[in-house]
Amino acid sequence: MSWIYQSWPWYVSGPLIAATMAALLFAGKNFGMSSNLRTVCAALGAGKSCDFFSFNWRDQRWNLFVIVGAIIGGFIAMQLLSNNPVPKINSDVVTELQQKGFESAGTTYLPTELFSKEALSSFKTIAILLIGGFLVGFGARYAGGCTSGHAISGLSNLQLPSLIAVTGFFIGGLIMIYLIFPMLF
């Protein structure tokens, strides 16, 4: 069981992802997590008030198992298959984050300065989480999919819009970490 506690090398995980994408391609299916939100909303009746959700969601029912699998798999991995839930972060990054006020860097799974009950009493923290969540949701809709859909499914199907979206994701990440993050913290 010790092999399951560690990261899998690229030569194992890469072919597994490729095999999954090949199976989806031959089945005529597309993978993406953000499309599941649309499917859930359509299943719950949102199509009555918004045309975007008015489609035959039953055709996408298979993709809902991806959400269920991600939730169950994440729970199992965290609770049963993880001997240390704290991610390994480069010591230089830990030092830099601690200098910016993230004292929990390198000791917790999520920074308690943003994701704790005490942090939710801060207007700044709530604003960051709400604005960030809105921007992620808006960006996924505007880009026609999320990072997993474009980077895994779209690129494996050689779709130019996915290449453009993934390039935009990387540029946005660089802008965030080098320009916006220093201004916020």
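Structure first, text after, so check above.
These numbers come from a predicted model, not from an experiment.

Engineer: In this structure, what is going on with the packing of helix H2 (residues 34-43) against helix H3 (residues 61-79)? I would like to understand it.
Structural biologist: Any two packed helices are characterised by how steeply their axes cross, that is the angle between the axes, and by the distance between the axes. Contact pair H2 / H3: the axes reach a minimum separation of 9 Å and the direction vectors enclose 115 degrees. Between H2 and H3 lies a crossing whose hand is left-handed. Facing Ser35, Asn36, Thr39 and Val40 of H2, the residues of H3 in contact are Asn63, Leu64, Val66 and Ile67. Its residues assigned to classes, the contact of H2 with H3 comprises four nonpolar, four polar and no charged.

Engineer: I tried to follow the nonpolar core on my own but got confused; where do I start?
Structural biologist: Counting five residues, the largest nonpolar core is built from Val94, Phe102, Ala105, Leu114 and Phe181. Here phenylalanine 181 is in contact with Leu97, Lys100, Phe102 and Met176, once residues within four sequence places are set aside.

Engineer: Where do I start with the side chain of serine 153 in this structure?
Structural biologist: Relative to the assigned elements, serine 153 resides in helix H6 (residues 147-156). Serine 153 sits in the buried class, given a relative accessible area of 3%. Ignoring any residue separated from it by four or fewer positions in sequence, one finds serine 153 in contact with Met21, Asn30, Phe31 and Ser148.

Engineer: Even after reading the chapter, I still don't get the environment of phenylalanine 55, so can you show me in this structure?
Structural biologist: Residue placement: phenylalanine 55 occurs in the loop between H2 and H3. Given a relative accessible area of 26%, phenylalanine 55 falls into the partly exposed group. Here the alpha-carbon distance between phenylalanine 55 and threonine 167, two residues 112 residues apart in the chain, equals 30 Å.

Engineer: Would you take a moment to explain the environment of glycine 132 for this structure?
Structural biologist: Mapped onto the fold, glycine 132 is located in helix H5 (residues 123-142). Under the relative-accessibility criterion, glycine 132 is labelled partly exposed at 29%. Between the alpha carbons of glycine 132 and methionine 78 there is a distance of 25 Å; along the sequence they are 54 residues apart.

Engineer: Looking at this structure, how should I read the packing of aromatic side chains?
Structural biologist: Ring pairs (aromatic) are described by centroid distance and by the angle formed between their planes. Under the definition given, this model contains seven aromatic pairs. On the numbers, 5.1 Å between centres and 75 degrees between planes, the contact of phenylalanine 52 with phenylalanine 53 is edge-to-face. A residue is classified by how much of its surface remains accessible, and phenylalanine 52, at 28% relative accessible area, is partly exposed. By relative accessible area, phenylalanine 53 is classed as buried at 19%. Seen in terms of ring centroids, phenylalanine 181 and phenylalanine 185 are 5.0 Å apart; in terms of plane orientation they differ by 45 degrees. Their pairing is tilted. Site record: aromatic cluster; members linked through ring pairs are Phe102, Phe181 and Phe185. The ring of phenylalanine 52 carries arginine 38 above its face, with NZ or CZ at 4.4 Å from the centroid. Stacked on the ring of phenylalanine 55, the Lys or Arg arginine 38 has its end atom at 4.1 Å from the ring centre.

Engineer: Looking at this model, I keep getting lost on the packing of H6 against helix H7 (residues 160-184). Mind explaining?
Structural biologist: Remark: H6 packs on H7, axes separated minimally by 9 Å, with the N-to-C direction vectors making an angle of 140 degrees. The angle between H6 and H7 falls in the class oblique. The two elements H6 and H7 cross, and the hand of that crossing is left-handed. Judged by residue contacts, Thr147, His150, Ala151, Gly154 and Leu155 of H6 engage Pro161, Ser162, Leu163, Ala165, Val166 and Phe169 from H7. Class assignment for the residues of the contact of H6 with H7 results in seven nonpolar, four polar and no charged.

Reading guide: rules and limits
- Residues numbered from 1 in each chain as written.
- Predicted model: local features only at pLDDT ≥ 70, side-chain atom pairs only at ≥ 80, totals over all residues.
- Heavy atoms only, no water.
- Axes fitted to C-alpha atoms, helices over the stretch in contact; angles between N-to-C directions.
- Helix = DSSP H or I, 4+ residues; strand = E, 2+ residues; numbered from the N terminus.
- Left-handed = near helix turned anticlockwise from the far one by under 90°.
- Contact = heavy atoms within 4.5 Å.
- Nonpolar A, V, L, I, M, F, W, Y, C, P; charged D, E, K, R; others polar.
- Core = buried A, V, L, I, M, F, W, Y, C linked by side-chain atoms within 4.5 Å.
- Buried < 20%, exposed > 50% of the residue type's maximum accessible area, 1.4 Å probe, protein only.
- Phe/Tyr/Trp six-rings, centres within 6.5 Å; stacked < 30°, edge-to-face > 60°.
- Lys NZ or Arg CZ within 6 Å of the ring centre and 35° of its normal.
- Parallel < 35°, antiparallel > 145°, perpendicular 65-115°, else oblique.

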